[in-house]
Amino acid sequence: MSRQLQDIFEECVERLRQGDSIENCLNSYPEVAADLEVLLRTSLNVNWRASMVQPRPEFKARARAQFIGAQQYAAQLKEVRPRPTIFSLQRAWVPALAVVLLLIFSSVGTAAAASNAMPDEPLYPAKIATEQVQLAFALSNEAKAELNVKLAETRSQEIATMATQGKTEQVVATTERLSQNLNAAEIAIQNIERTEIRQTLSVPQESTITPSAQPEPIMPPAPAPAPPRPDNSEKPQDTTRAAGKEPGLSWEKASTDKVERLRQSLNAIISKNVVILENAKNVAPDQTKQAIQEAIDISNSKQIELQNQRPEMQPKPLENNGNSKGFTPEPTGNKDEGQRPLPQSTGNENEETQTPEKSESITTTDPNKTSTTRDTSENIDKSLTSTTDNTSSTDTTKR
Amino acid sequence: MVNEEHIVQQAVNGNQWAFTQLYDIYFDRIYRYIYVRVKKQAEAEDLTQEVFIKALKAIGSYKIGKTPFSAWLFRIAHNQVIDHVRKYARNLETSLDDAPPTVGSEDPVTITEQRFEVAELNAAMMELPAAQQEVISLRFVADLPIAEVAKILGKSEGTVKALQFNGTVSLRKLLAGRI
């Protein structure tokens, strides 16, 4: 009966989508009309409530202008060089960005105003949108790292300003953005380091971190090939041995000036952020102190993570690491869940280690799931005392 | 009237005007879907923009006829939401202050009532298991056909039907007296 009602309900939902009336549906199935009516009215009620949700007109207008600007920019890149290399894109970045900004904003004054906007100001969404386009088209990991470091500093200043004005809501929202920037910078630096390590070890790069990788947009019916398990990493290990390289020494060599410079830069910005936030906390109203402290905690934990991520402590891609979720996806019961088919690899490094199983099981209601942005002081203590392997495992899991 | 498939074809071929048309068609629905999933206005706005930037970057690889464009686009949104929630998982309880702008009136009382309706929906949705939330959001909020929902979620239509049915039964209880 329940199964039959499921099918009838689905049929009627579809008929309502096509414009039919509840009464017609109920007349078609008088034997289950009472139950069916309740369910259909519930579905319509959900649809009705959701239809009240609309984007803010000012956000919608700015987002559209931003999107058109991004389109122009993308088209310009294609015109400059049909098959651009990452190097050429980096060089094309500065003038192209200027074009984008000019297209987005009708005047230089507006752009300047947006760039200085604070989170409680109307132009702030335009500022964030501009940053998103910058990030979307920062193709190299180095560019991503540098941009995110810069944006983290901006976020910190915004938090301080909002805190002194007692605007807790803005402090919390901006703290989340700060955390995003710090995480993104960290991931980009790690990707640079991995790339260099691979080059040092003469191991081919994984396609998943190549910006140009374009997975199929929607999953085909066939089950996805299982991601490589740790115990299948014999081949690269052999490659290392065949090259006569000692893994530990190679990691040392791979820690280049570029990575160090970026790490130091990120470290310096975080230190500066902490000072700014501490100062803001001292003068802020009581209601915002907790939010500022959270931002301080995030910065501190990120700094500790960075200090722990010396080259010899990085997760080693050529070794078995049974603790790393990124290399040990759980067996999935759903045959179709094997892929995340959309082109996320174009800008999202987190695709690299996410398992489809995780994607399908995540709930928005679970406050217990850990977040990279919500390290508690306990986590900080743990990371201070953790062993090398534990640190590596945690970092890999987070990513 | 130009049909959507033609517009999509033009967009795949690099026609900016065509992609902007698709943007206009889907923007509100994508925003609404994301908002109901993340329940925060600022985050919904950021994620909505990211969805279209990702779509812009990937439109060249979209294969017409293989999957409806709406399913392709909502799959991007779905993945964005999943990534976001995974990274920033926390208690997403909302208050009226978190409610987004609503439509229909400039009367503060009406607006407050509408926000209350949305907040109630958010609260009820949070009581559902994750899989039911996903199906209900895509089916009743994004208003997608069941075949597309099944494709987006990588589940069979039978499974989606069952999740839709059970989710609706639960919502009926949670929203009792307000329907």
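In this text, all values refer to a predicted model and were calculated from it rather than measured experimentally.

## Considering the overall build of chain B
When helices and strands are tallied, chain B shows eight helices and zero strands. Ordered by position in the sequence, the α and β elements of chain B form the string α-α-α-α-α-α-α-α. A burial count over chain B gives 60% of its 179 residues as buried. Once local pairs closer than 6 in sequence are excluded, the contacts in chain B between residues at least 24 apart make up 62%.

## Thoughts on the packing of helix 6 (residues 130-141) of chain B against helix 8 (residues 157-174) of chain B
Residue and element names in this part refer to chain B. At a closest axis distance of 9 Å, the pairing of helix 6 and helix 8 adopts a crossing angle of 95 degrees. Considered as vectors, helix 6 and helix 8 are oriented roughly perpendicular to each other. Between helix 6 and helix 8, the contacting residues are Ala131, Gln132, Val135, Ile136, Arg139 and Phe140 on the first element and Val160, Leu163, Gln164, Asn166, Gly167, Thr168, Ser170 and Leu171 on the second. Each residue belonging to the contact of helix 6 with helix 8 can be placed in one class, and the counts come to seven nonpolar, six polar and one charged.

## Things to note about the pattern of salt bridges
One pass over the structure, following the stated rule, counts 21 salt bridges over all chains. A salt bridge links A:Asp20 to A:Arg15; its shortest N-O distance comes to 2.9 Å. Here the salt bridges do not stand alone but share partners, grouping A:Glu10, A:Glu14, A:Arg17, B:Arg139 and B:Asp143 into one network.

## Brief notes about the packing of aromatic side chains
For the structure shown, the criterion picks out 14 aromatic pairs over all chains. When the ring of A:Phe67 is compared with that of B:Tyr23, the centres are 4.4 Å apart and the planes differ by 15 degrees; the resulting orientation is stacked. With one member in each of two chains, A:Phe67 in helix 4 (residues 57-80) and B:Tyr23 in helix 2 (residues 16-38) form a pair that bridges those chains. B:Tyr23 carries the same exposure label as A:Phe67, and that label is buried. Centre to centre, the rings of A:Phe67 and B:Phe52 are 6.2 Å apart; their planes meet at 75 degrees, and the pair counts as edge-to-face. Here A:Phe67, found in helix 4, pairs with B:Phe52, found in helix 3 (residues 41-58), and the two come from separate chains.

Reading the values: rules and limits
Residues numbered from 1 in each chain as written. Chains lettered and ligands numbered in written order. Predicted model: local features only at pLDDT ≥ 70, side-chain atom pairs only at ≥ 80, totals over all residues. Heavy atoms only, no water. Helix = DSSP H or I, 4+ residues; strand = E, 2+ residues; numbered from the N terminus. Buried < 20%, exposed > 50% of the residue type's maximum accessible area, 1.4 Å probe, protein only. Contact = heavy atoms within 4.5 Å. Axes fitted to C-alpha atoms, helices over the stretch in contact; angles between N-to-C directions. Parallel < 35°, antiparallel > 145°, perpendicular 65-115°, else oblique. Nonpolar A, V, L, I, M, F, W, Y, C, P; charged D, E, K, R; others polar. Salt bridge = Lys/Arg side-chain N within 4 Å of Asp/Glu carboxyl O. Phe/Tyr/Trp six-rings, centres within 6.5 Å; stacked < 30°, edge-to-face > 60°.

As far as function goes, none of this settles anything; it's purely spatial.
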